[in-house]
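In case you want the letters, here they are:
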Amino acid sequence: MKKVKKVVVVYYSRNYGTLQHVKKALQTSRIHGAYVNRENETTIKKLVRKADAVVVVGGDGTLLRASHFIESVPVLHVSSHTGKNEAFFARATRKDISRKIWLLTQGKYKITPLLRLEAFLNGEKLPFKALNEVYAGSKTPYHVARYVLQIGNRKEEQKSSGVLISTPAGSYAWARSAGGKVLPITAKKIQYIIREPYVGRLTKPKMTKGALSGSQSVTVISNIWERHRGIVVIDSYKREFEFNKGRKLVVKVARQPFNLISF
């Protein structure tokens, strides 16, 4: 692999001292590092264009947030605290970061491409890709979401607590908790899970979950009343996109995967 000489370090302010271990490792290995807080999205997008790699220091939330502003540049995730963060994507900790950084300088690492999703609302592409999942439903969880779910030629009117469209990586996270199937992290499939589908006299949904090939897409047409505030959210990120009655969401596999560094 390419020898790494210049990196961007994206960190969360609560890094429990791990950031200092990363800084020391980069200095020792003579790698130039540019440091940016995960909140500074514009700067992240600007800096990664000139970097050989990105080093993310934090938990999964920091990694997911950073992933939205990274296209093809490979990423090493460093767990900031193994006792406090799940850090599913992490391939380094403060204990081994010096050796892992040195391996980057020698080109002795692997890149694992992870499938991502892109979403379109009324034909307009949303500004970042999902590494875990796309959620569509009501903003307030106790308000039922009404919509039409369409996959290929199959179509069904439903009521539920919302729809999750998940990547293989996301199948280990929210999708798993919602009853989805765990997929190999490098699988070329996506899946949909209906959260708490409503079954009653008029509604008996059959399309409640399923795995799809990477060439298939999921369409959700909102029937959510405006007062219930329908939303679309990517990777549980803070930005919400309006999804009230009449709006159409299409989710499909993105061409550009997320390139995760491992050893």
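Residues numbered from 1 in each chain as written. Predicted model: local features only at pLDDT ≥ 70, side-chain atom pairs only at ≥ 80, totals over all residues. Heavy atoms only, no water.

Enquirer: Could you clarify how one ought to interpret the overall build of the protein in this entry?
Expert: A count of helical and extended segments in the protein gives five helices and 18 strands. Relative to its length of 263 residues, the protein is compact, with a C-alpha radius of gyration of 20 Å against a globular reference of 18 Å. Principal-axis analysis of the C-alpha atoms places the extent of the protein at approximately 65 × 35 × 35 Å. Across the 263 residues in the protein, those meeting the buried criterion constitute 52%. Partitioning the contacts of the protein with sequence separation of at least 6, the portion at a separation of at least 24 is 68%. Here the protein displays about 13000 Å² of accessible surface, and carbon together with sulfur accounts for 47% of that area. Separation of charge centres in the protein, based on 48 positive and 17 negative side chains, amounts to 6 Å. (Helix = DSSP H or I, 4+ residues; strand = E, 2+ residues; numbered from the N terminus. Rg over C-alpha atoms; globule rule 2.2 N^0.38 Å. Buried < 20%, exposed > 50% of the residue type's maximum accessible area, 1.4 Å probe, protein only. Contact = heavy atoms within 4.5 Å. Areas by Shrake-Rupley, 256 points an atom, 1.4 Å probe, with all protein chains shown as cover. Lys, Arg positive; Asp, Glu negative; His and termini not counted. Charge placed at Lys NZ, Arg CZ, Asp CG, Glu CD.)

Enquirer: Can you walk me through helix α1 (residues 18-28) in this structure?
Expert: Along an α-helix, residues three or four apart share an orientation, since each turn contains 3.6 residues. Burial in α1 covers these residues: T18, L19, V22, A25 and L26. Seen end-on, α1 carries its buried residues on one side only, within an arc spanning 125°. Of the exposed residues in α1, those oriented more than 90 degrees away from the buried face are K24, Q27 and T28. Considering only its buried residues, α1 is in contact with β1 (6-11), β2 (32-37), β3 (53-58), β4 (75-79) and α4 (97-106). (Arc of directions from axis to C-beta.)

Enquirer: When you look at the pattern of salt bridges in this model, what are you seeing that I'm missing?
Expert: Side chains that differ in sign of charge can pair as their charged atoms come close. What the rule picks out here adds up to eight salt bridges. The shortest N-O distance in the salt bridge between K2 and D52 comes to 2.9 Å. Here D52 lies in the loop between α2 (41-48) and β3 and K2 lies in the segment before β1, a separation of 50 residues in the sequence. Exposure remark for K2: the relative accessible area of 53% places this residue in the exposed category. (Salt bridge = Lys/Arg side-chain N within 4 Å of Asp/Glu carboxyl O.)

Enquirer: Explain the side chain of T18 to me, please; I cannot follow it from the model alone.
Expert: By the secondary structure assignment, T18 is in helix α1. Polar side-chain contacts of T18 include one of 2.6 Å to the backbone oxygen of S80. If we ignore the near neighbours within four places in the chain, the residues touching T18 are V57, V78, S79, S80 and R94. (Polar contact = N/O pair within 3.5 Å; in protein donor to acceptor, adjacent residues only side chain to side chain.)

Enquirer: Teacher, can you tell me more about the nonpolar core here?
Expert: Looking at soluble globular proteins, one finds that nonpolar side chains tend to be buried together. Counting residues in each nonpolar core, the largest one holds 51 residues, and the members touching the most others are V232 and L249. The element that contributes the greatest number of residues to this core is strand β9 (residues 145-151), accounting for four residues. Listed in part, the 20 residues of the second largest apolar core include L19, L26, L76 and I97. (Core = buried A, V, L, I, M, F, W, Y, C linked by side-chain atoms within 4.5 Å.)

Enquirer: What is the right way to read the pairing of β3 from this model?
Expert: Successive residues of a regular strand alternate their side chains across the two faces of the sheet. Counting buried residues in β3 gives six out of six residues, a clear majority hidden from the surface. Across the two faces of β3 the burial is the same, with A53, V55 and V57 and V54, V56 and G58 all buried. Summarising the sheet, β1 and β3 pair through five bridges and their orientation is parallel. By the bridge assignment for β3, V8 is matched with V54. Sheet topology places β3 next to β4; five bridges connect them, and they run parallel. (Pairing = 2+ DSSP bridges.)

Enquirer: Is there a simple way to think about the sheet that holds strand β6 (residues 117-121) in this case?
Expert: Two modes of strand pairing occur in sheets, parallel and antiparallel, and in both the strands are linked by backbone hydrogen bonds. Spatially, six strands are ordered β7-β6-β17-β14-β9-β10 in an open sheet, and the strand pairing comes out antiparallel. Each end of this open sheet is capped by a strand with a single partner; those strands are β7 (124-125) and β10 (154-160). Strand direction decides the pairing type here: β6 and strand β17 (residues 248-253), joined by five bridges, are antiparallel. Bridge assignment links F120 to a residue of β17, and that residue is V250.

Enquirer: Sorry if this is basic, but what is going on with the side chain of S222 here?
Expert: Position of S222 relative to the elements: it lies in strand β14 (residues 218-222). Apart from the residues lying within four places of it in its own chain, the contact partners of S222 are R146, Y147, F243, N244, K245, G246 and R247.

Enquirer: Would you mind showing me how to read a positive patch on the surface here?
Expert: On the surface, K6, K45, K46, R49 and K50 cluster together into a patch of positive charge. Assignment of secondary structure puts K50 in the loop between α2 and β3. Since its relative accessible area comes to 68%, K50 is described here as exposed. (Patch = residues over 30% accessible without salt bridge, like charges linked within 9 Å, V, L, I, M, F, W, Y side chains within 5 Å.)

Enquirer: Explain the packing of aromatic side chains to me, please; I cannot follow it from the model alone.
Expert: One pair of aromatic rings is described through two measures. These are the centre distance and the angle between the planes. Scanning the entire structure with this criterion turns up six aromatic pairs. Ring geometry for F69 versus F128: centroids 6.1 Å apart, planes at 65°, classification edge-to-face. One end of the pair, F69, is in the loop between α3 (60-67) and β4; the other, F128, is in the loop between β7 and β8 (133-138), and 59 residues separate them in sequence. For the ring pair F88 and F89, a centre distance of 5.1 Å and an interplane angle of 85° mean the geometry is edge-to-face. F88 gets classed as partly exposed once you look at its relative accessible area, which sits at 28%. Members of the aromatic cluster, joined through ring pairs, are F69, F128, Y237 and F241. Above the face of the Y12 ring, R38 is positioned so that its terminal group lies 3.7 Å from the ring centre. (Phe/Tyr/Trp six-rings, centres within 6.5 Å; stacked < 30°, edge-to-face > 60°. Lys NZ or Arg CZ within 6 Å of the ring centre and 35° of its normal.)

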